[in-house]
Amino acid sequence: MEEGRQKDLQLLEEIIDKGLKQKLVHATASRDKIFEEQKVLSDLRKNLETLEKNAVNSLKTMVNLGSEVYMQAEVPDTRHIFMDVGLGFYVEFTRHEALDYIAQREERTKKQLEEYTGVITQIKGRIKLAHYQIQQLLNLPEENPSSSRQRAL
Amino acid sequence: MEPPAKGTVTPLASLFSEEEARKAASYVEEKIGEKRVEMNRLQQFVDENDNLINLVKKLPDQLHHNVMVPFGKMAFFPGRLIHTNECLVLLGENYYTDRSSKQTVDFLKRRDKTLQSQIHSLKAEIEDFQTEASFFATTASEAAEGLVEIREEYVEEEDLSATVFQSSEKETSNISGGEAEEGELEDDDFARIMSRLNELEMEEEQEGEDGGDRGEERDSPIEILEESQHDLVKGIRGETDRGRIEYGKQETTISVPMKASRHSSSIREPRVAEPRVKAKVIQVLPEAHPHKDIDDQLNCIGPMAQYLPKGDQSHSGTAQQNAGTWRDFQATAGISTAKAKTNVLGPQKIESPIEKPEPEFDSTKAFTGSIVEHAHIQETSTHSDTQSSASQPSKPVSRFKAQRR
Amino acid sequence: MSSSTAVRDLQKDLENKANDLGKIQKDIGKNHQLRKKYTIQLGENELVLKELDLLEEDANVYKLIGPVLVKQDLAEANANVRKRIEYISAELKRLDAILQDMEEKQNNKRETIMKLQQRLQSIQAGKAKA
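These notes cover the structure that comes with them. (Residues numbered from 1 in each chain as written. Chains lettered and ligands numbered in written order. Predicted model: local features only at pLDDT ≥ 70, side-chain atom pairs only at ≥ 80, totals over all residues.)

### A closer look at the overall build of chain A
The helix and strand tally for chain A stands at 3 helices and 4 strands. Looking at chain A as a whole, 13% of its 153 residues are labelled buried. Taking the intrachain contacts of chain A between residues at least 6 apart in sequence as the baseline, contacts between residues at least 24 apart amount to 54%. (Helix = DSSP H or I, 4+ residues; strand = E, 2+ residues; numbered from the N terminus. Buried ≥ 20, exposed ≤ 12 C-beta atoms within 10 Å, placed from the backbone. Contact = placed C-beta atoms within 7 Å.)

So this is what it looks like as structure tokens:
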């Protein structure tokens with residue numbers, strides 16, 4: 001009995017440290033990435049909307065050459081924009097097409113975010129459960145039902 | 001020939017547990033890792049800077065360049081760079097200024113210089129840590145092997161080291177008799193005083209040369225005494241002929257009265273044990289620098305500046321500069337002797353709280369020989385008293401002669 | 001009986017002192033961090049000042065305030081940076097003074113703790129004998 005309890009404890013600790021915690025770190029990192037993407041998209045959308053609203057068809061801007069050195073650049077025609085669609089491909093859109101595309105992307109990132117949030121909550125729940133079981137094992141070692149329940153999990 | 005009861009045998013492990021040494025070693029390794037990351041980051045900046053210099057140089061060749069102008073992180077507009085000879089440059093602290101291409105290149109080159117010096121000092125720091133790490137590792141393994149430290153009190157008719165030293169002493173002792181106040185100073189007393197005089201001399205010169213710097217960097221005069229004392233001990237221990245001869249030369253200019261030396265000892269005595277914590281960093285520096293700081297006081301400041309907290313270091317120009325010279329020197333002198341050196345350093349550091357003061361302050365125990373039984377370091381076993389014992393059989397003669405003529 | 005209450009008092013005292021020491025050490029740590037921050041800022045400001053000194057009189061200088069670049073007079077910018085450097089240096093000096101003070105306090109606390117521990121030990125040793 002005693003031996004089995006030790007084994008259970010070890011197993012639970014392993015599950016927490018090696019499995020769940022690493023998964024949690026991974027999922028959180030992925031979610032942060034998506035948050036970032038969401039912000040970029042919404043910024044871009046706002047900027048394009050401003051251009052549209054003010055009927056700006058050409059603009060001057062500064063380009064960062066690297067290490068915080070900027071140079072002036074002019075854009076003769078802002079009605080066409082190239083957007084990164086992933087995997088290194090850029091697609092030429094008109095402003096309206098771009099805004100549509102951004103809306104779709106935003107929809108998708110929102111779904112992804114929800115998904116990841118779900119995964120993260122699940123992992124956290126499992127960790128809590130494992131902790132609870134460890135406590136049970138330590139506090140009520142003589143109770144057979146609890147220990148068998150642990151094994152089942 | 002010595003009654004065995006006179007010495008003491010202390011296992012190294014009891015002074016410095018193996019586990020602790022290992023812990024310290026891994027801690028230092030961690031630090032090295034951090035510094036490496038920092039250095040890679042800086043190196044990246046440098047590369048970026050280099051690319052940018054080339055780019056800014058080339059841009060004014062044409063009136064405009066067709067580029068994709070970034071618009072946010074995911075979108076671009078087709079457009080072109082105009083005013084290719086004008087750049088807006090960040091100076092830092094949110095200050096920007098308009099510069100021509102040429103001026104920008106100059107600015108970037110200055111920035112490159114700053115980065116390089118930062119990398120330089122970082123490299124020196126890493127090497128510092130590496131020496132420290134290898135020292136800890138050696139100490140750990142020595143403690144594990146059951147290394148013991150044997151210490152004996154000095155008695156006149158002592159063995160190997162003392163006899164050689166005495167013969168060299170006799171030449172000088174009659175000359176020195178007049179100058180020494182007590183007249184009948186023992187030989188060891190004489191050597192002790194000489195070393196004290198050297199210290200004072202070093203102090204004077206250091207204070208003279210970098211008084212200003214030190215005013216800010218050193219907290220108290222006592223600390224200065226300690227620092228120079230360490231340097232001196234290092235200097236004395238220096239193993240090259242050059243170091244020693246230079247030493248002799250300096251002694252010829254000694255004019256500090258004996259009383260001063262007494263006085264200084266009384267200041268220092270109560271604090272003898274305390275500075276050892278600080279001494280840690282110093283000891284870890286290989287003895288590469290003493291040679292330098294003896295014949296070149298400027299360089300002396302370099303290694304000393306390294307003892308300062310790291311934060312200060314990166315901002316003091318001399319520290320960086322000298323860290324460099326020290327490092328270069330170490331590169332040439334250090335590698336071949338590295339193994340022997342760490343062995344010397346190992347036991348010496350541990351003993352220092354008790355042993356170092358002895359040759360300097362306690363006349364009855366002036367020549368405590370410390371013999372470490374260890375297969376491959378036997379020849380350096382009397383390390384901590386090099387100025388007075390075996391490892392220096394012939395040099396003292398020339399040294400003491402030099403100072404009289 | 002009286003000795004046991006004395007021991008208890010001593011232990012309580014010791015605990016308080018240890019807490020105080022911990023607080024001081026935390027403050028010292030904070031001080032170090034703050035100092036590091038200021039030292040870095042000082043270095044950056046000094047670099048800026050050096051560059052500003054190299055600029056010609058009629059050069060355009062801007063300061064980024066929030067998302068906007070605001071044009072500034074060179075002399076004004078120069079004065080501002082100088083003031084900033086002065087401020088940081090003063091701040092660093094102040095931090096130094098505080099640090100010294102705290103270190104002194106820390107050492108005093110350590111000593112008192114040592115003494116308390118010794119007294120506690122001697123009392124307990126006496127009890128063990130008796």
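Now that the structure has been shown, we can carry on.
### Notes on the interface of chain B and chain C
Counting residues at the interface gives 12 residues for chain B and 19 residues for chain C. Mapped by element, the contributors of at least two residues to the side of chain B that touches chain C are strand 4 (86-92), strand 5 (95-100) and helix 3 (101-145) of chain B. Considering every element that reaches the side of chain B that touches chain C, the biggest residue donor is strand 5 of chain B, with 4 residues. In terms of residue class, the side of chain B that touches chain C is built from 4 nonpolar, 6 polar and 2 charged. (Nonpolar A, V, L, I, M, F, W, Y, C, P; charged D, E, K, R; others polar.)

### Comments concerning the packing of helix 2 (residues 18-58) of chain B against helix 3 of chain B
Residue and element names in this part refer to chain B. For the pair helix 2 and helix 3, interaxial distance at closest approach is 8 Å and the crossing angle is 165°. By the criterion of interaxial angle, the relationship of helix 2 to helix 3 is roughly antiparallel. The two elements helix 2 and helix 3 meet at a crossing, and its hand is left-handed. Looking at side-chain class alone, the contact of helix 2 with helix 3 contains 25 nonpolar, 7 polar and 13 charged residues. (Axes fitted to C-alpha atoms, helices over the stretch in contact; angles between N-to-C directions. Parallel < 35°, antiparallel > 145°, perpendicular 65-115°, else oblique. Left-handed = near helix turned anticlockwise from the far one by under 90°.)

### Focus: the pairing of strand 2 (residues 65-71) of chain B
The side chains of a regular strand alternate, residue by residue, between the two faces of the sheet. Residues and elements named next belong to chain B. Across 7 bridges, the pairing between strand 2 and strand 3 (residues 75-81) is antiparallel. Residue pairing across strands places phenylalanine 71 opposite alanine 75, the latter belonging to strand 3. The antiparallel hairpin formed by strand 2 and strand 3 contains 3 residues in its connecting segment, where glycine 72 sits at a positive phi of about 75°. (Pairing = 2+ DSSP bridges.)

### Thoughts on the interface of chain B and chain A
Taken together, the 28 residues of chain B in the interface contact 25 residues of chain A. Elements with a minimum of two residues in the side of chain B that touches chain A: helix 2, strand 2, strand 3 and strand 4 of chain B. Taken together, the residues of the side of chain B that touches chain A sort by class into 18 nonpolar, 6 polar and 4 charged. In this structure, strand 3 (residues 80-84) of chain A lies alongside strand 3 of chain B, joined through 2 bridges in antiparallel fashion. Paired with A:Met83 across the strands is B:Ala75, a residue of strand 3 of chain B.

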